[in-house]
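One letter stands for each residue in the lines below.
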Amino acid sequence: MKPDLFQAPDYYNLDDLLTEEHKLVRESARAWVKREVSPIIEEYAQRAEFPKQIIKGLGEIGGFGPYIPVEYGGAGLDQISYGLIMQEIERGDSGVRSTSSVQSSLVMYPIWKYGNEEQRMKYLPKLATGEFMGCFGLTEPDHGSDPGSMITNFKDMGDHYLLNGAKMWISNAPFADIAIVWAKNEEGRIHGLIVERGMEGFSTPETHNKWSLRASSTGELIFDNVKVPKENVLPNKSGLGAPLGCLDSARYGIAWGAIGAAMDCYDTALRYAKERIQFGKPIGGTQLQQKKLAEMITEITKAQLLTWRLGILRNEGKATTAQISMAKRNNVDMAINIAREARQMLGGMGITGEYSIMRHMMNLESVITYEGTHDIHLLITGMDVTGISAFK
């Protein structure tokens, strides 16, 4: 087991833009990842298993709903703190960040924003500690980039609702205690429902044979005449804008998280380039390897500036969906390109589990697709700048 020697790059002294609280939150998360994630993650990825023993630690470092108010069990932190936590967790592994991100932005966020006080008090404190784990059901087997065409539905049966349908590619599904499920009522309006494990007709089969996010637990949500109490419907927002608002928060976290994966690949490649001797000198002394490293640190720095500014806009309530979309697309694309270049720099060693790069590269193949594909985010930006939708 190799020691975690990670040193975060900060080429433009961005730490000067952070508060002492921001840095304390980041260092706490970084130390936890070095201690609890790095030593075990390669083994769990090889086994395609999520390390459930880290759930309690994720809660302790603020990995679950850090921006949720204190009265509901959250840490009451700002959006930049949330981003920094996601950055540090994904530096460890994208799959672990997925677990954290889903719990924060796709489960706790809608209960906080769209739920009533009774729902907030019932679920949020337990979700904040990891006593309860949640998942988010939007994507369906035949409806991915077009969630408005979903067929999962619920009918009013008088004293309860009857839910039918299926969701696919759901992080945390196999072990989640609750699911925030988006379904259409009899008028075709989309609503969020809190579905609890143990409800008759609700099952969560696990997805196997993944080459990506192997240390993350992925599954399906199956609803076969599930009786959902009427008090489990989120009352304060409906329509497609409700789940898309959750995705804004999650995509923002991904924009920060992807920087963490890129940093880890860059740091690994830089250290290797200084130590690997070929033709009598370190490969870091060759022009082609310096070109790769110079481009990596440039792109990481640009992404850091982009997300910091976006965090300020989020804190001020000014960030638009299109701005968040741009950051998610840019930063994940940046990270996957750095992972590929770093993998080449390590040669054959780059494909082994002795280094983190190949695992990051495989994980990012999912991150570039989920919560809006690379191409869909390009079209969101295109629509924003032209005012013309290319979706229909």
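What counts as what
Residues numbered from 1 in each chain as written. Predicted model: local features only at pLDDT ≥ 70, side-chain atom pairs only at ≥ 80, totals over all residues. Heavy atoms only, no water. Helix = DSSP H or I, 4+ residues; strand = E, 2+ residues; numbered from the N terminus. Rg over C-alpha atoms; globule rule 2.2 N^0.38 Å. Buried < 20%, exposed > 50% of the residue type's maximum accessible area, 1.4 Å probe, protein only. Contact = heavy atoms within 4.5 Å. Areas by Shrake-Rupley, 256 points an atom, 1.4 Å probe, with all protein chains shown as cover. Lys, Arg positive; Asp, Glu negative; His and termini not counted. Charge placed at Lys NZ, Arg CZ, Asp CG, Glu CD. Salt bridge = Lys/Arg side-chain N within 4 Å of Asp/Glu carboxyl O. Bend = angle between axes of the 7 residues up to and from the residue. UniProt positions renumbered as here; feature names shortened; annotations may be inferred. Domains from an automatic or database assignment. Buried area = accessible area lost by both parts, 1.4 Å probe. Polar contact = N/O pair within 3.5 Å; in protein donor to acceptor, adjacent residues only side chain to side chain. Expected span 1.5 Å × (residues − 1). Axes fitted to C-alpha atoms, helices over the stretch in contact; angles between N-to-C directions. Parallel < 35°, antiparallel > 145°, perpendicular 65-115°, else oblique. Nonpolar A, V, L, I, M, F, W, Y, C, P; charged D, E, K, R; others polar. Phe/Tyr/Trp six-rings, centres within 6.5 Å; stacked < 30°, edge-to-face > 60°.

This paragraph deals with the overall build of the protein. Along its length, the protein carries ten helices and nine strands. By the compact-globule yardstick of 21 Å for 392 residues, the protein fits well, its C-alpha radius of gyration being 21 Å. Dimensions along the principal axes, computed over C-alpha positions, put the protein at roughly 80 × 45 × 40 Å. Across the 392 residues that make up the protein, the buried fraction comes to 55%. For the protein, the proportion of contacts with a sequence separation of at least 24, taken over those separated by at least 6, is 75%. In the structure as shown, the protein presents an accessible area of about 16900 Å², 52% of it carried by carbon and sulfur atoms. The averaged location of the 48 negative side-chain charges in the protein is 4 Å from the averaged location of its 42 positive side-chain charges.

Here the focus is the pattern of salt bridges. The tally for this structure, following the rule as stated, stands at 23 salt bridges. A salt bridge links E27 to R30; the shortest N-O distance between them is 3.5 Å. Separated by three residues within a single helix, E27 and R30 lie in helix α1 (residues 20–47), roughly one turn from each other. Residue class for R30 comes out buried when judged on its relative accessible area of 12%.

At M108, helix α4 (residues 94–114) shows its largest bend, some 35°, and a proline, P110, comes one to four positions later. Most of α4 sits out of view: 19 of its 21 residues are buried.

What follows deals with the UniProt feature "domain: Acyl-CoA oxidase/dehydrogenase middle" (unreviewed entry) in the protein. When the UniProt feature table is mapped to this numbering, "domain: Acyl-CoA oxidase/dehydrogenase middle" (unreviewed entry) covers residues 135–226. Secondary structure within residues 135–226 divides into 0% helix and 48% strand; the distance between the first and last C-alpha atoms comes to 17 Å.

Right, let's talk about the domain arrangement of the protein for a bit. By a widespread convention, an interface's size corresponds to the accessible area lost as its parts come together. Entries for the protein in the domain assignment read domain 1 (14–132), domain 2 (135–238) and domain 3 (241–386). Between the C-alpha centres of domain 1 and domain 3 the distance comes to 20 Å. With 30 residues of domain 1 at the contact, the number on the domain 3 side is 35 residues. For the pair domain 1 and domain 3, the summed buried area comes to about 2500 Å², and 59% of that belongs to carbon and sulfur atoms. One can count three salt bridges joining domain 1 with domain 3. Note that R359 and E42 form a salt bridge whose closest N and O atoms lie 2.9 Å from each other. Remark: the boundary between domain 1 and domain 3 carries 15 residue pairs in polar contact (both at pLDDT 80 or more). For the side of domain 1 that touches domain 3, the secondary-structure elements that each account for two or more residues are α1, α3 (79–92) and α4.

A few words on helix α7 (residues 287–315). With 29 residues, α7 extends 42 Å from end C-alpha to end C-alpha; this agrees with the ideal 42 Å at 1.5 Å per step. A positive backbone phi angle near 70° is found at G317, which sits one or two residues after α7.

Another aspect to go through is the packing of α3 against helix α9 (residues 357–367). Where α3 contacts α9, the axes come no closer than 10 Å and their chain directions differ by 125°. On the basis of the axis angle, α3 is oblique to α9. Between α3 and α9, the residues in contact are E90, R91 and G92 and R359, H360, L364 and V367, respectively. Residue composition of the contact of α3 with α9, by class: two nonpolar, two polar and three charged.

Using the residue numbers shown here, the UniProt feature "domain: Acyl-CoA dehydrogenase/oxidase N-terminal" (unreviewed entry) corresponds to residues 19–131. Across residues 19–131, the secondary structure splits into 73% helix and 0% strand, with the terminal C-alpha atoms separated by 31 Å.

With that settled, the discussion passes to the packing of aromatic side chains. All told, the structure shown has twelve aromatic pairs when counted by the stated rule. With centroids separated by 5.3 Å and ring planes inclined at 15°, the aromatic side chains of F50 and F175 adopt a geometry described as stacked. With F50 in the loop between α1 and α2 (55–60) and F175 in the loop between β3 (160–171) and β4 (178–184), the pair connects residues that are 125 residues apart, well separated along the chain. Ring geometry for Y272 and Y355: centres 5.9 Å apart, planes at 90°, overall edge-to-face. Residue Y272 is located in helix α6 (residues 241–275), and its partner Y355 is located in the loop between α8 (321–345) and α9; the two are separated by 83 residues in the primary sequence. Y355 matches Y272 in its accessibility class, with the two residues each being buried.

Another aspect to go through is unusual backbone geometry. One non-glycine residue, N225, adopts positive backbone phi at about 55°. Looking at the secondary structure, you find N225 in strand β7 (residues 218–229). The phi torsion at F279 lies on the positive side, around 55°, for a residue other than glycine. Relative to the assigned elements, F279 resides in the loop between β8 (277–278) and β9 (281–282). Here F279 falls in the exposed class, since its relative accessible area comes to 87%.

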